[in-house]
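Observations on the model geometry
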Amino acid sequence: MEKEKLRLDKYLWAIRLFKTRSQAGDACDKGKVKFMGSNAKPSKAVQVGDEYEVKTESKRWVIKVNGLLYKRVQYSDAINFYSD
C-alpha cells in the first residue's frame, strides 16, 4: 500500500525547517521555496530525490529529500530525511 501524497508544507515542517506548518506554507506562497528554479506550491507532492532551495530567516538551504516524513519528529531523527 502506498502512503498518501506528502505535501511540501507538511514535509518542511516535519523536518523542522519551520516551526509551524503554516509558516512553511507561507514561505512557499512568498516564493521562498523553489523546486528546479521555480516557486513551489505548499501542496506540491514531495518525492524522494527532489531538491529544494529553501530560504528561512536564519539560513539558505539546498535540501535533497532522502525519505518521506509524515509527522514531526525530534531533530536528531529529522536530519536523516534530508541532506543539506
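Here the structure is a predicted model, which is why all the values come from computation and not from measurement. (Residues numbered from 1 in each chain as written. Predicted model: local features only at pLDDT ≥ 70, side-chain atom pairs only at ≥ 80, totals over all residues. Heavy atoms only, no water.)

This part covers the pairing of strand β3 (residues 51-55). Burial along β3 is one-sided: Y52 and V54 are buried, while E51, E53 and K55, pointing the other way, are not. Taken together, the three bridges between strand β1 (residues 33-35) and β3 define a ladder with antiparallel strand orientation. Directly across from K34, in β3, lies its bridge partner E53. In this structure, β3 lies alongside strand β4 (residues 60-65), joined through five bridges in antiparallel fashion. Within the sheet, the bridge partner assigned to E53 lies in β4 and is V62. (Buried < 20%, exposed > 50% of the residue type's maximum accessible area, 1.4 Å probe, protein only. Helix = DSSP H or I, 4+ residues; strand = E, 2+ residues; numbered from the N terminus. Pairing = 2+ DSSP bridges.)

As a further point, take the sheet that holds strand β2 (residues 38-39). Taken in spatial order, the five strands line up as β2-β1-β3-β4-β5 in an open sheet, and their pairing is antiparallel. Either end of the sheet is taken by a strand with one partner, and the two such strands are β2 and β5 (82-83). Where β4 and β5 come together, two bridges link them in antiparallel fashion. Bridge assignment links K64 to a residue of β5, and that residue is S83.

Listing the buried residues of helix α2 (residues 21-29) in full gives A24, G25, A27 and C28. On an axial view of α2, the arc spanned by its buried residues comes to 160°, and they lie on one face. Facing away from the buried side of α2, by more than 90 degrees, are the exposed residues S22 and D29. As for α2, its buried residues are in contact with α1 (8-14) and β1. At the C-terminal side of α2, G31 shows a positive phi close to 80°. (Arc of directions from axis to C-beta. Contact = heavy atoms within 4.5 Å.)

What follows concerns the nonpolar core. Nonpolar side chains tend toward joint burial in soluble globular proteins. Formed by 25 residues in total, the largest nonpolar core has its most connected members in Y11, L12, L17, V33, Y52, V54 and I63. Broken down by secondary-structure element, the contributors of at least two residues to this core are α1, α2, β1, β3 and β4. Here the element with the most residues in this core is α1; it accounts for four residues. If we ignore the near neighbours within four places in the chain, the residues touching L12 are L17, F18, A24, C28, V33, V54 and I63. (Core = buried A, V, L, I, M, F, W, Y, C linked by side-chain atoms within 4.5 Å.)

With that settled, the discussion passes to the packing of aromatic side chains. Taken as a whole and assessed by the stated rule, the structure comprises two aromatic pairs. Ring geometry for F35 against Y52: centres 5.1 Å apart, planes inclined by 35°, an arrangement best described as tilted. With F35 in strand β1 and Y52 in strand β3, this pair connects stretches of sequence that are 17 residues apart. Owing to a relative accessible area of 18%, F35 belongs among the buried residues under this scheme. (Phe/Tyr/Trp six-rings, centres within 6.5 Å; stacked < 30°, edge-to-face > 60°.)

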